[in-house]
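Descriptive structure summary
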Amino acid sequence: MTQVASELMGVDATTLVPASERVLADLVDHFDVDFAYLRHTDRKRGVTVLVAEWPRRIDPPTPDPLRVVAFADADSLFRELEEATEPIIIRRGDTVPDYQETIRRSAGLESVVTACVPLVSRGRSSGVLGFIKRGNRDWSPGELNVLKAIAALFAQLQARVEAEERLRYIASHDDLTGLANRRALLEHMESRLRAGEQGPVVTFFLDLDRLKALNDFLGHSAGDTFIRSLSTRLMENLDSDDMIARLGGDEFVIVPAKTMDAVEAELEASRLQQLISQRVSVGTESVSRGVSVGVALGVPGETSVSDVLRRADHALLAAKSGGGNGVVVFTDAMRAQFELQDDVELNLRTAVSDNSLVLHYQPEVDLRTGRIVALEALVRWEHPTRGLLPPGAFVAVAEATNLAGELGRWVIRSACAQFAEWRRRGLAANVVIRINVSPVQLVSLDFVERIEEVLRTYQIDGSSVCLEITEHVVVQDLMRTRLTLRGLKRMGVQIAIDDFGTGYSSLSHLKALPVDAVKIDRGFVQRLGDSNDDLAIVKSIIGLAGSFGLGVVGEGVETPMAARTLVGLGCYRAQGFLIARPLPAAEVEEHLRQGRIPLDLDLPRAGRGVASS
Ligand code: C2E
Ligand code: CA
Ligand code: CA
């Protein structure tokens, strides 16, 4: 007894079978029987499952008919054992039930005696410890008591292993869907990407499009039902050894067991996409969602788990920003973009403090006279290895990483310092300095105070400064925006809406906000002269601005044709490569000294005067 107890003490799911076999072997020896076995009852499935036997049968058939036996199809002894709590002995001369008969024959035994001792846990049978002896054998009450005690040890062990397994399951599975969770996914990927494993290992990062709408309109349980049916569908249609994990919300990661190259992976992603976009019944509704899939390949021994996941995530982002329901495979071009982003994240903060940011200034003129009416400050980064970076390469990253505030404050301060310096030297007297403000800055609580302080420091009157905000931010947080803009207005600071025309929802908001001017997005201006659509849009923007009493500036004037068209429509203020590119301070100073940038537009007489019809 004590020997068995100590043998079974430290056993867990992985050592259960060998430890049980050792105990069975001891018992076979000790009780002088020919065969011993241990079976567990799985009540949920209504089956009895072979755990261990001794001696092992030589070459059992596959599948082994003895491994899993349904009580419903089992012989009479087994059916009896399903509920039995006391040992059952079958002696020579009793009819031998089929199952025992099978064992007898496959073990090469002649007529046998069988003892079945139920494993009893909390008053219920949870399995059986069985013995078979050739010829005859009697079991004394003492022997049976020992066997019952051993069976009880096995029952305890089984209960403990099951509880441990359950805990392990809970720790590694998502409770809504029963799919693997993040932790199990990471473990799986870790082992797949170990050096020497088969590759490439493909990772699909999936994100349901607009699941939120489902929750919003049909309720949260609808979203849950949807996700659950989707998970079931995935499990049914993928290989059982594929890793399917839910990371929470509407995000899933699939790592197929099969290795694939990029082309195969893309095909597989499309298959997944089709699978997922099939309809699901949610209550009385039948709904479907598109899914965006980001695909990344990892090479075992080379790519780390976090790299593969980040790449897949990045590709997913690209898929989503392409309007959703798309597949994007992580490419070298994306890798470059990715590295740049990493670099920006890492170095931008120091760039702000160590003077590697610079401002260039792009003049804005009155097209009729060429007089410089404003300068727009545009930030650049003199990157130590990548050269001069345009704002498109780092402003968005700054906004995504909490650096927008710092960057923005640097821009405002530097632009005002330079502007004050020009004014002190008698330049830029009638010129307005335009500064771009990112949405994140605008909603920060102390924005107005900060501007006030900078203006005071450099003694600039508010009306010489125009802040440019995008239409997008105006819509996003109207209340907050309105408060901030009012504060700025009190200092006389001008406000322009940048990139106007790219989002139309704010037209109605124009009235509600203290805005001075709109800048027509360069996308419309560039093609003036060869696009009638754009002409119509530009015309209506100018008309709209007029009816609200707002100024208009045309951006992105690249051709004399575009400039002439703007003038013809009554929009005189413009900016663009035709007039001047954004220039370093020293170069723009030349223009400031002249006060104007002569343009040869060959305007009709009316165009040079006041508004033309
Ligand atoms: P934006 O405010 O619309 O600035 C105008 C952009 O158009 C500038 O690009 C300018 O170089 C470019 N541009 C000017 N004339 C022409 C033209 O005739 N043709 C073409 N194709 N382009 C023209 P840049 O300097 O690359 O700036 C891009 C954007 O980055 C800016 O667009 C602005 O939204 C943002 N940005 C620039 N500086 C700052 C800044 O200091 N803070 C913030 N938050 N954003 C900034
Ligand atoms: Ca701008
Ligand atoms: Ca713009």
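Residues numbered from 1 in each chain as written. Chains lettered and ligands numbered in written order. Predicted model: local features only at pLDDT ≥ 70, side-chain atom pairs only at ≥ 80, totals over all residues. Heavy atoms only, no water.

Looking at the sheet that holds strand β7 (residues 201-208)
Across the sheet, which stays open at both edges, the 5 strands sit in the order β8-β9-β7-β12-β13 with mixed pairing between neighbours. Looking at strand neighbours, the two that pair on one side only are β8 (243-246) and β13 (327-329), the edges of this open sheet. Pairwise comparison of adjacent strand axes, ignoring direction, gives a mean angle of 20° for this sheet. Two strands pair when backbone bridges link them, and β8 and strand β9 (residues 251-255) are joined in this way by 4 bridges, in the antiparallel orientation. Bridge pairing links R246 to F252 in β9. (Pairing = 2+ DSSP bridges. Helix = DSSP H or I, 4+ residues; strand = E, 2+ residues; numbered from the N terminus. Axes fitted to C-alpha atoms, helices over the stretch in contact; angles between N-to-C directions.)

Quick word on the packing of helix α7 (residues 211-218) against helix α8 (residues 220-237)
For the pair α7 and α8, the least separation of the axes is 6 Å and the interaxial angle reads 135°. In terms of orientation, α7 lies oblique with respect to α8. Residues L211, L214, N215 and L218 of α7 lie in contact with α8, whose contacting residues are H220, A222, G223, F226 and I227. (Parallel < 35°, antiparallel > 145°, perpendicular 65-115°, else oblique. Contact = heavy atoms within 4.5 Å.)

Remarks on the site of ligand 1
The full set close to ligand 1 counts 20 residues, and R380, D498, R522, E558 and F577 are the nearest of them. With respect to ligand 1, the side chain of R380 contributes an N or O atom lying 2.8 Å from an oxygen atom. If ligand 1 stood free it would expose 800 Å²; the protein chains cover 84% of that surface. Of all elements in the fold, only β15 (372-383), β19 (494-500) and α18 (522-526) reach the threshold of two or more residues within the shell around ligand 1. If one sorts the elements of the shell around ligand 1 by residue count, β15 sits on top with 4 residues. Split into classes, the residues belonging to the shell around ligand 1 amount to 7 nonpolar, 6 polar and 7 charged. (Near = heavy atom within 4 Å. Polar contact = N/O pair within 3.5 Å; in protein donor to acceptor, adjacent residues only side chain to side chain. Areas by Shrake-Rupley, 256 points an atom, 1.4 Å probe, with all protein chains shown as cover. Nonpolar A, V, L, I, M, F, W, Y, C, P; charged D, E, K, R; others polar.)

So, α7
Regarding α7, the residues found buried are L211, L214 and N215. For α7, the angular spread of buried residues about the axis comes to 95°, placing them on one side. In α7, those exposed residues whose orientation departs by more than 90 degrees from the buried face are K212 and F217. Buried residues belonging to α7 abut β7, α8 and β11 (285-287). G219, located one to two residues past α7, shows a positive phi value of around 95°. (Buried < 20%, exposed > 50% of the residue type's maximum accessible area, 1.4 Å probe, protein only. Arc of directions from axis to C-beta.)

Overview of the packing of aromatic side chains
Taken as a whole and judged by the stated rule, the model has 6 aromatic pairs. Centre to centre, the rings of F35 and Y37 are 6.3 Å apart; their planes meet at 40°, and the pair counts as tilted. For Y37, a relative accessible area of 1% puts it in the buried group. On the basis of an interplanar angle of 45° and a centroid distance of 5.9 Å, the ring pair of F131 and W139 is categorised as tilted. Its relative accessible area of 8% is what places W139 among the buried residues. Ring pairing ties together the aromatic residues F31, F131 and W139, which thus form one cluster. (Phe/Tyr/Trp six-rings, centres within 6.5 Å; stacked < 30°, edge-to-face > 60°.)

A short note on the coordination of the calcium ion (ligand 2)
Only E376 (OE), N436 (OD1), E468 (OE) and D498 (OD) from the protein coordinate the calcium ion (ligand 2), and they sit 2.1 to 2.3 Å from it. Each donor residue of the calcium ion (ligand 2) lies on one chain, and together they are spaced E-x59-N-x31-E-x29-D. The distance between the calcium ion (ligand 2) and the calcium ion (ligand 3) comes to 4.2 Å, and D498 binds to both of them. Linking E376 in strand β15 with D498 in strand β19, this pair joins segments that are 122 residues apart in sequence. A residue is classified by how much of its surface remains accessible, and E376, at 4% relative accessible area, is buried. (Donors = N, O, S within 2.8 Å, 3.2 Å for Na, K, Ca; no water.)

Considering helix α11 (residues 332-353)
End to end, α11 covers 32 Å across 22 residues, agreeing with the expected 32 Å (1.5 Å per residue, within 8%). The largest bend in α11 amounts to roughly 45° and is located at N347. By the burial criterion, the buried members of α11 are M334, F338, L340, D343, V344, L348, A351 and V352. Following α11 by one or two positions, N355 adopts a phi angle in the positive range, close to 70°. (Expected span 1.5 Å × (residues − 1). Bend = angle between axes of the 7 residues up to and from the residue.)

Notes on the confidence of the model for the chain
Confidence in the prediction for the chain averages 87 pLDDT; 93% of positions are at 70 or higher. Ignoring residues within four places in sequence, the model shows residues 609-613, a span with pLDDT below 50, making 9 contacts including any to other chains. (pLDDT = per-residue confidence, 0-100.)

Let's talk about the coordination of the calcium ion (ligand 3)
Summarising the metal site, the calcium ion (ligand 3) is bound by the protein donors D498 (OD), D499 (OD), E555 (OE) and E555 (OE), whose distances to it range over 2.1 to 2.6 Å. Counting the intervening residues between successive donors of the calcium ion (ligand 3) yields the motif D-D-x55-E.

Let's talk about the side chain of T41
Looking at the secondary structure, you find T41 in strand β1 (residues 35-42). Only 3.5 Å separates the side chain of T41 from the backbone nitrogen of G127, close enough to count as a polar contact. Dropping the residues within four chain positions of it, T41 is found in contact with V47, T48, F71, S125, S126, G127 and Q158.

Examining the pairing of strand β20 (residues 517-520)
Where burial is concerned, the two faces of β20 agree: the one with A517 and K519 and the one with V518 and I520 are both buried. Note that β19 and β20 share 3 bridges and pair parallel. Looking across to β20, one finds that A496 is bridged to A517.

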